[in-house]
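Examination of the molecular architecture
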Amino acid sequence: HDAAINAGNSGGPLINEYGQIIGINTIKISGTFENLGFALQIDSVLPLIAEIMNTGKVTRPGIGITCYTAEDESGVVIESVTENGPAGKAGLQKGDIIIKINDLDTPTINDLKGYLTDCKIGQTVTITYLRAGQQKTAELVLEELKP
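As the structure is a prediction and not an experimental result, all values here were calculated from the model. (Residues numbered from 1 in each chain as written. Predicted model: local features only at pLDDT ≥ 70, side-chain atom pairs only at ≥ 80, totals over all residues. Heavy atoms only, no water.)

By the burial criterion, the buried members of helix H3 (residues 109–117) are Ile 109, Leu 112 and Leu 116. For H3, the angular spread of the buried residues around the axis is 65°, confining them to a single face. In this structure, the buried residues of H3 make contact with strand E4 (61–62), strand E5 (65–69), strand E6 (76–81) and strand E7 (97–101). (Buried < 20%, exposed > 50% of the residue type's maximum accessible area, 1.4 Å probe, protein only. Helix = DSSP H or I, 4+ residues; strand = E, 2+ residues; numbered from the N terminus. Arc of directions from axis to C-beta. Contact = heavy atoms within 4.5 Å.)

Next up, the structure:
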């Protein structure tokens, strides 16, 4: 959208000419141009609103690791594994490189996070990873991501 977003109004509603909320303002980009703003589509926000209203919080599925994108963007390197978390229970270790979740290649941490956003807590996923150059797979059950 091209509505002005200024400090303090990100997170506010994006309203169309009929007074309907069609999005949530998120960020303004500044540079050689002005009034370039971005918003989350209301369809992506409504499930979160419903979850907050029903449970008082938003939950996300997680695999119980800290990680980073490999320098050559060939996968997601596990930096640490949460004890008794899904990845730990499945045998993943520090230094393993996740290259797929189910059938989706995961060359970057954003690919992994994006896929997990669409998953549910309790869902079983297959992780394909590299350990010492050997390709391996593990099945794990997603648990609630802890802050």
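Attention now goes to a nonpolar patch on the surface. Among the surface-exposed residues, Ile 27, Leu 36 and Phe 38 lie close enough to one another that they form a single nonpolar patch of about 240 Å² accessible area. Note that Ile 27 resides in strand E2 (residues 21–29). (Patch = residues over 30% accessible without salt bridge, like charges linked within 9 Å, V, L, I, M, F, W, Y side chains within 5 Å. Areas by Shrake-Rupley, 256 points an atom, 1.4 Å probe, with all protein chains shown as cover. Salt bridge = Lys/Arg side-chain N within 4 Å of Asp/Glu carboxyl O.)

Now for the pairing of E6. Examined bridge by bridge, E5 and E6 share five bridges and lie antiparallel to one another. Bridging from a neighbouring strand, Thr 69 pairs with Val 76 of E6. Between the antiparallel neighbours E5 and E6 lie six residues, among them Glu 73 with a positive phi of about 55°. The pairing of E6 with E7 spans two bridges and is classified as antiparallel. Residue pairing across strands places Val 76 opposite Ile 98, the latter belonging to E7. (Pairing = 2+ DSSP bridges.)

Unlike most non-glycine residues, Asn 84 shows phi in positive territory, near 65°. Relative to the assigned elements, Asn 84 resides in the loop between E6 and helix H2 (86–89). The class of Asn 84 is exposed, set by a relative accessible area of 56%. Even without being a glycine, Asn 102 presents a positive backbone phi close to 50°. Residue classification places Asn 102 among the partly exposed positions, given a relative accessible area of 23%.

A few words now on the pairing of E7. When E7 meets strand E9 (residues 124–131), the two strands line up antiparallel, connected through four bridges. Residue pairing in the sheet places Lys 100 in a bridge with Thr 128 of E9. By the bridge criterion, two bridges tie E7 to strand E8 (residues 104–105) in an arrangement that is antiparallel. Residue pairing across strands places Lys 100 opposite Asp 105, the latter belonging to E8. Turn length for the E7-E8 hairpin, with the two strands adjacent in sequence and antiparallel, is two residues, and the turn residue Asn 102 shows positive phi of about 50°.

Ranked by internal contacts, the top residues of the largest apolar core, which has 19 residues, are Ile 63, Ile 65, Leu 92, Ile 98, Leu 112, Ile 127 and Leu 140. Not counting residues up to four positions away in its chain, the partners in contact with Leu 92 are Ile 78, Val 81, Ala 87, Ile 98, Ile 127, Tyr 129, Arg 131, Ala 138 and Leu 140. (Core = buried A, V, L, I, M, F, W, Y, C linked by side-chain atoms within 4.5 Å.)

What follows covers the confidence of the model for the protein. Taken residue by residue, the protein gives an average pLDDT of 89. The fraction at 70 or more is 90%. Taken element by element, the predicted model of the protein shows its lowest mean pLDDT in strand E3 (residues 36–41) (81) and its highest in E9 (97). (pLDDT = per-residue confidence, 0-100.)

This next bit is on the pattern of salt bridges. Within the structure shown, the criterion is met by three salt bridges. The partner of Glu 143 in a salt bridge is Lys 89, with the nearest N and O atoms 2.8 Å apart. With Glu 143 in strand E11 (residues 143–144) and Lys 89 in helix H2, the pair connects residues that are 54 residues apart, well separated along the chain. Residue class for Glu 143 comes out partly exposed when judged on its relative accessible area of 29%. Arg 131 is the salt-bridge partner of Asp 96, the closest N and O atoms lying 2.8 Å from each other. Here Asp 96, found in the loop between H2 and E7, pairs with Arg 131, found in strand E9; they are 35 residues apart in sequence, far enough to count as distant.

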